[in-house]
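Analysis of the macromolecular model
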Amino acid sequence: MNWGSAAEFFAMGGYAPYVWGSYCVVALCMIIEPVAVRARRRAAAARLKALEGAARRTASEAAA
Amino acid sequence: MINWFRFSSPQTFYPLAGRMVPWFAGAAAILALAGLYLAFFVAPTDAQQGESYRIIFVHVPASWMSMFIYLVMAGWAAIGLVFNTRLSYMMAAALAPTGALFAFLSLWTGALWGKPTWGTYWVWDARLTSELVLLFLYIGVMALHAAIDDTRRADKACAVLALVGAVNIPIIYFSVQWWNTLHQGASVSVTRAPSMAAVMFAGMIVMVFAFWAYSIAVALARARAIILERERHSGWAHELAAA
Amino acid sequence: MTGGSALAAALGVLRRDLLLALRRKSDALAPVFFFVIVASLFPLGIGPEPDLLRRIGPGVLWVGALLATMLALARLFAADYEDGTLEQLALSPEPFVMLAAAKVGAHWLVSGLPLIVAAPVLALQYGLPADTIAVLVASLLLGTPVLSLVGAIGAALTLGVRGGGLLVALIVLPLYVPALVFGAGAVDANLAGTGAAAHLSLLGACLVIAGFFAPWAITAALRIALE
């Protein structure tokens, strides 16, 4: 074990802003990116659904 | 006989990618936990740099992945140009943003490492400067794709650009190294680690694999989104949406 | 063997482009004026101290020539693309590679060569000694063709695309880094007394590589744009 206490761990020997500034930004990006990709896929699927609904409606109107 | 092109149609690739994403995401999470454990609780304090050196456990993976992803992107670009398979172009488009993100993270973590170690946030060393140029190359490819309305033309143009960039990367890296050694006597390499303990190296490698699994997961997921966006005129996509 | 007629066709394209450029001299001279203005802006921004100017001179002049070359790229294929000449060139029985290379060559003669002529005069503004000016001219002679060739790839990729000029810059500037490093480095090395031979050799190597590979990339990009 490297750290005597939790306080030591968070202090990172005085380099806390740099170490945590790095890790937090990396973690943030690697959380936001997948979330954004999922939102993008969902939006594309929703658009397809809307187009499909519109197509079905015009087809049924044409048949009628 | 293996049908190499079986999964080269978006229709067959979409569900395959959907099954692969959770596995790679899970692998990324496990590897990241293992790597972070090694990075913080096993690897000892560095004699010269203190605790700030622990940034390499994210800086080096980000750098390596940014370069590796560019090569993979260029590879898909080449396959697309040779075989005219539209899914190859979609894979290249799916990889670019993740690669650019890693290039940015490499610069960000490199700057935060440079400040306590060499006193300034930006050091014009060969690796960081080449990373900056790599970020510009990524941005160029993405900007070109966004600027061309015709998807087919955009795909092919970006493929050519990605390949031109890939060929240039070694030349750019060499020229920047040349420039750096002439202008700075004592080399200040951000990734200098001559006496890296085995445990530090192990932690770094585990994190590299974590980033690699993450990249695959995100790229496959983004490829699925791109497929849905582009294939909106095809029957299978509408059936998928109707389901 | 179509070797002879291919060369003749290429020279024909070269002659035509030169003739067209001569008819619109203002278009052709704009890059040089830009170069002169930019070279004059830096002392205004930094201060007239001679030692400082001599130190930054090589880099500033090289970046200025680089930016001027890049701005001139807008004229390279655009006119022919718009009036259909480019399509005719692509359809011609002669190898498109040679015709495209001829266009780039003509472009360099019209836009690049005047920069090389202007450079010594501007170098005097920065107080560079005579032998350094000679190295500057040599580096530009080797380097501006590289910039034209690599820039032509960017120009071809962005034909008719909105956001043209800035987009070309975004695409092409990272690819310009080696030429800039070796070119400006050569002049710097001469100024510092360490000799420019190595830099100029590397720049020459860049020119050879660009000369061999760029025309193929340019042709591929043009075909994509013409589809």
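As the structure is a prediction and not an experimental result, all values here were calculated from the model.

**Some words on the nonpolar core**
Among the nonpolar cores identified, the biggest contains 176 residues, and Ala92 of chain B together with Ala156 and Ala221 of chain C are the most heavily contacted of them. The element that contributes the greatest number of residues to this core is helix 6 (residues 198-230) of chain B, accounting for 20 residues. Leave out the neighbours within four places in its chain, and Ala156 of chain C touches Phe77, Ile218, Ala221, Leu222 and Ala225 of chain C.

**What to know about helix 3 (residues 50-72) of chain C**
Side chains of residues three or four places apart in an α-helix project in the same direction, reflecting 3.6 residues per turn. Residues and elements named next belong to chain C. Helix length check: helix 3, at 23 residues, gives a terminal C-alpha distance of 31 Å against a target of 33 Å (1.5 Å per residue), a fit within 8%. If you look at helix 3, its biggest bend is around 50 degrees, right at Ile56, and the proline Pro58 turns up within four residues after that. All of the buried residues along helix 3 are Gly57, Pro58, Val60, Leu61, Trp62, Gly64, Ala65, Leu66, Ala68, Thr69, Met70 and Ala72.

**Comments concerning the interface of chain B and chain C**
With 23 residues of chain B in contact, the opposing surface of chain C contributes 21 residues. Elements represented by at least two residues in the side of chain B that touches chain C include exactly helix 4 (126-147) and helix 5 (151-183) of chain B. With 14 residues, helix 5 of chain B is the largest single contributor of residues to the side of chain B that touches chain C. Grouping the amino acids of the side of chain B that touches chain C by side-chain chemistry returns 18 nonpolar, three polar and two charged.

**Digging into the interface of chain A and chain B**
Opposite the 27 residues of chain A that make contact, chain B presents 31 residues. Looking at the side of chain A that touches chain B residue by residue, the class counts come to 16 nonpolar, four polar and seven charged.

**A short note on the packing of helix 2 (residues 56-83) of chain B against helix 6 of chain B**
Residue and element names in this part refer to chain B. At a minimum axis separation of 9 Å, helix 2 and helix 6 run at an interaxial angle of 45 degrees. In terms of axis orientation, helix 2 runs oblique to helix 6. The element helix 2 and its partner helix 6 pack so that their crossing is right-handed. Across the interface between the two elements, Ile56, Phe57, Val58, Val60, Pro61, Ala62, Trp64, Met65 and Ile69 from helix 2 touch Gly203, Met204, Met207, Val208, Phe211, Trp212 and Ser215 from helix 6. Its residues assigned to classes, the contact of helix 2 with helix 6 shows 14 nonpolar, two polar and no charged.

**Regarding the arrangement of the chains**
Most contacts, when the two pairs of chains in contact are compared, are made between chains A and B. Separating chain A from chain C is a minimum C-alpha gap of 24 Å, and the two share no contact.

**Structural notes on helix 1 (residues 10-42) of chain B**
All names here are of chain B. Look at helix 1: 45 Å from first C-alpha to last across 33 residues, which is about the 48 Å you get at 1.5 Å a residue. Of all the bends found along helix 1, the most pronounced is centred on Met20 and spans about 25 degrees, while Pro22, a proline, follows it within four residues. Looking only at helix 1, the buried set comprises Pro10, Phe13, Ala17, Val21, Ala28, Leu31, Ala32, Gly35, Leu38 and Ala39.

**With respect to the confidence of the model for chain B**
All names here are of chain B. Looking at chain B, pLDDT values average 88 and 92% of them are 70 or higher. Ranking the helices and strands of chain B by mean pLDDT puts helix 2 first, with 95, and helix 7 (residues 235-242) last, with 74. Confidence metrics for the complex model read pTM 0.91 and ipTM 0.90.

**Quick word on the environment of Phe213 of chain C**
Residue and element names in this part refer to chain C. Relative to the elements of secondary structure, Phe213 occurs in helix 10 (residues 197-226). On the basis of neighbour count, Phe213 is assigned to the partly exposed category, with 16 C-beta atoms found within 10 Å. Separated by 64 residues in the primary sequence, Phe213 and Leu149 place their C-alpha atoms 9.3 Å from one another.

About the cut-offs
Each chain has its residues counted from 1, following the order in which its sequence is written. In the order they appear in the text, chains get letters beginning with A and ligands get numbers beginning with 1. Local features in this predicted model are restricted to residues of pLDDT 70 or higher, and side-chain atom pairs are both shown and tallied only at a pLDDT of 80 or more, whereas totals for entire chains, interfaces and linings draw on every residue. Put simply, a nonpolar core is buried Ala, Val, Leu, Ile, Met, Phe, Trp, Tyr and Cys residues tied into one set by C-beta atoms within 7 Å. Between the buried cut of 20 or more and the exposed cut of 12 or fewer other C-beta atoms within 10 Å of a residue's own C-beta lies the partly exposed class, and all C-beta atoms are placed from the backbone. Secondary structure elements are defined from DSSP: runs of H or I of at least 4 residues count as helices, runs of E of at least 2 residues count as strands, and each element is numbered from the N terminus. In this description, a residue-residue contact is defined by the distance between C-beta atoms placed from the backbone, which must lie within 7 Å. In this analysis, the expected span of each helix is defined as 1.5 Å times one less than the number of residues it contains. For a residue, the bend is simply the angle between two axes, fitted respectively to the seven-residue segment ending there and the seven-residue segment starting there. By the convention adopted, Pro, Cys, Tyr, Trp, Phe, Met, Ile, Leu, Val and Ala count as nonpolar, Lys, Arg, Asp and Glu as charged, and the other residues, Gly among them, as polar. Every axis corresponds to a line fitted to the C-alpha atoms, with the helix fit spanning only the stretch in contact, and the corresponding angles, defined between N-to-C directions, vary from 0 to 180 degrees. Any angle that falls under 35 degrees is termed roughly parallel, while one over 145 is termed roughly antiparallel, one within 65 to 115 roughly perpendicular, and all others oblique. By the definition used in this description, the sense in which the near helix is turned from the far one sets the handedness, with an anticlockwise turn below a right angle giving left-handed and a clockwise turn giving right-handed. Within a predicted model, pLDDT stands for the predictor's per-residue confidence, ranging from 0 to 100.

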